[in-house]
Amino acid sequence: MQPLAGGAAARPFITHHNALDIDLYLRIAPELYLKRLLVGGLDRVYEINRNFRNEGISTSHNPEFTMLEFYEAYSDYHDLMKLNEELFASLATEVTGSTFVKYGEHEIDFGNFQRLSMREAVCRYWPEGAAPAPTLAELGARAGPLAAGQRYNAWAQSNGREPLLGLPSMKDGEITGLLFETVAEHQLIQPTILYDFPTDISPLSKARRDDPTLVERFEIYVAGMELGNAFSELNDPVEQERRFREQVESGGEEAPRAVDMDYIRALAHGMPPAAGEGIGIDRLTMLFTDSHSIREVILFPLLRPEVSAASGSSEQDSGDKK
């Protein structure tokens, strides 16, 4: 339980501590506390943890999930890219005897990662009918993502697809992220390192020196699912406070309610250059066991109560139904 929800963009669960008479949040990520340990002099830290996000349930989402999160001082996102390629290949071999893993109709090769920037992924997987496809230059230009999003919406409406909502009120980086989720994410079947995220959607990541609109961040995608999220950590307290305040002012259910000034004070004491990552253990287990619902790899998945047809009353499902 934490006094402020932070470390990720997600809607938290809220609870109340009777003895202290304060509201608390079930943690959505351990990030801000593990990085406090870097400030305290522990150069390498990790935790296998349970996180809680008050969001939808799907075949790849559960409100309570298990994650490995780790941080390494004096590293950056390039170091973690290499580490991930070695880690996943080694893990697949240890668990299955090979870097090749069967998942549904696909044969996943954990020994062969492709690397794409987010903008490259949007351009590569752009729907053929939504011409013209955006270019890297357009997605990097001011209002370029908005123009690409409007072209996508015109195609979506004429083809019976869901349009992207709220584009005019979104920042360029937010639109780029939404375009990626819509046109590219589900097509990343083979192991992919997706890097160079927009700064607008990465409040805890260090900005690239040559392009402040992008940050040193990547995610791991396999079989259309995100398995891991990593970046070079932002350790500038002034810039971090500015981004936190911008998050709070933006509002929304996923935004933090207040700036975590305790974390800002920790950064002011000095956090070494570092890189960190979170890896979803439940989803990784899905891949290694050829399971296509996260409920198949969780011992007691949370399910909606059964409703008795005769009485209309609810009975709590025992959890053993899929």
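Look up: the structure comes first, before these words.
What you see is a predicted model; the values in this text were computed from it and never measured. (Residues numbered from 1 in each chain as written. Predicted model: local features only at pLDDT ≥ 70, side-chain atom pairs only at ≥ 80, totals over all residues. Heavy atoms only, no water.)

Participant: How would you summarise helix H9 (residues 281-288) if you had to cite specific residues and measurements?
Facilitator: With six of its eight residues buried, H9 lies for the most part within the structure. What H9 keeps buried is the set Asp282, Arg283, Leu284, Met286, Leu287 and Phe288. Residues of H9 that are buried in the fold lie against strand E4 (64-73), helix H2 (77-96), strand E5 (100-103), strand E9 (214-222), strand E10 (225-232) and strand E11 (274-280). Remark: aspartate 290 follows H9 within two positions and exhibits a positive phi of approximately 55 degrees. (Buried < 20%, exposed > 50% of the residue type's maximum accessible area, 1.4 Å probe, protein only. Helix = DSSP H or I, 4+ residues; strand = E, 2+ residues; numbered from the N terminus. Contact = heavy atoms within 4.5 Å.)

Participant: Any chance you could break down the nonpolar core for me, citing the residues and the numbers?
Facilitator: Judged by nonpolar contacts, the single largest core of 28 residues is most densely connected at Phe88, Phe110, Phe218, Ile220, Val222 and Leu287. Counting only elements with at least two residues in this core, the list comes to H2, E5, E9, E10, E11 and H9. For this core, the leading source of residues is H2, giving five residues. Filtering out sequence-adjacent residues up to four positions away, valine 222 remains in contact with Ile108, Phe110, Leu188, Ile189, Pro191, Leu227 and Leu287. Ranked by size, the runner-up nonpolar core spans 25 residues in total, among them Cys123, Ala148, Ala156 and Val215. (Core = buried A, V, L, I, M, F, W, Y, C linked by side-chain atoms within 4.5 Å.)

Participant: Quick rundown of the sheet that holds E9? Include the residues and the values.
Facilitator: Ordered by their spatial adjacency, seven strands build an open sheet running E3-E4-E11-E10-E9-E8-E7, and the pairing between neighbours is mixed. Either end of the sheet is taken by a strand with one partner, and the two such strands are strand E3 (44-52) and strand E7 (114-117). Neighbouring strand axes in the sheet, compared pairwise and without regard to direction, differ in orientation by 20 degrees on average. Across seven bridges, the pairing between E4 and E11 is antiparallel. Residue pairing across strands places leucine 68 opposite isoleucine 279, the latter belonging to E11. (Pairing = 2+ DSSP bridges. Axes fitted to C-alpha atoms, helices over the stretch in contact; angles between N-to-C directions.)

Participant: Explain helix H7 (residues 237-250) to me, and be specific about the residues and the numbers.
Facilitator: In a regular helix each residue adds 1.5 Å, so 14 residues correspond to 20 Å; H7 covers 20 Å between its end C-alpha atoms and thus fits that length. Buried within H7 we find Gln240, Arg243, Phe244 and Gln247. For H7, the angular spread of buried residues about the axis comes to 100 degrees, placing them on one side. Projecting away from the buried face of H7 at angles above 90 degrees are the exposed residues Val238 and Glu249. Its side-chain oxygen at 3.0 Å from the backbone nitrogen of valine 238, aspartate 236 defines the N-terminal cap of H7. (Expected span 1.5 Å × (residues − 1). Arc of directions from axis to C-beta. Polar contact = N/O pair within 3.5 Å; in protein donor to acceptor, adjacent residues only side chain to side chain.)

Participant: I'd like to hear about empty space enclosed by the protein, residue by residue, with values.
Facilitator: Enumeration according to the criterion identifies one cavity of 30 Å³ or more in this entry. Estimated volume of the largest cavity: approximately 50 Å³. Along its surface, the largest cavity is lined by Ala5, Gly6, Ala8, Ala10, Pro12, Tyr25, Ile28, Glu253, Glu254, Ala255, Pro256 and Arg257. Partitioned by chemical class, the residues of the lining of the largest cavity number eight nonpolar, one polar and three charged. (1 Å grid on protein atoms, 1.4 Å probe; cavity = no way out; pocket = protein on both sides within 12 Å on 5 of 7 lines; lining within 4 Å. Points joined across faces, edges and corners; volume = space filled by probe spheres on them. Nonpolar A, V, L, I, M, F, W, Y, C, P; charged D, E, K, R; others polar.)

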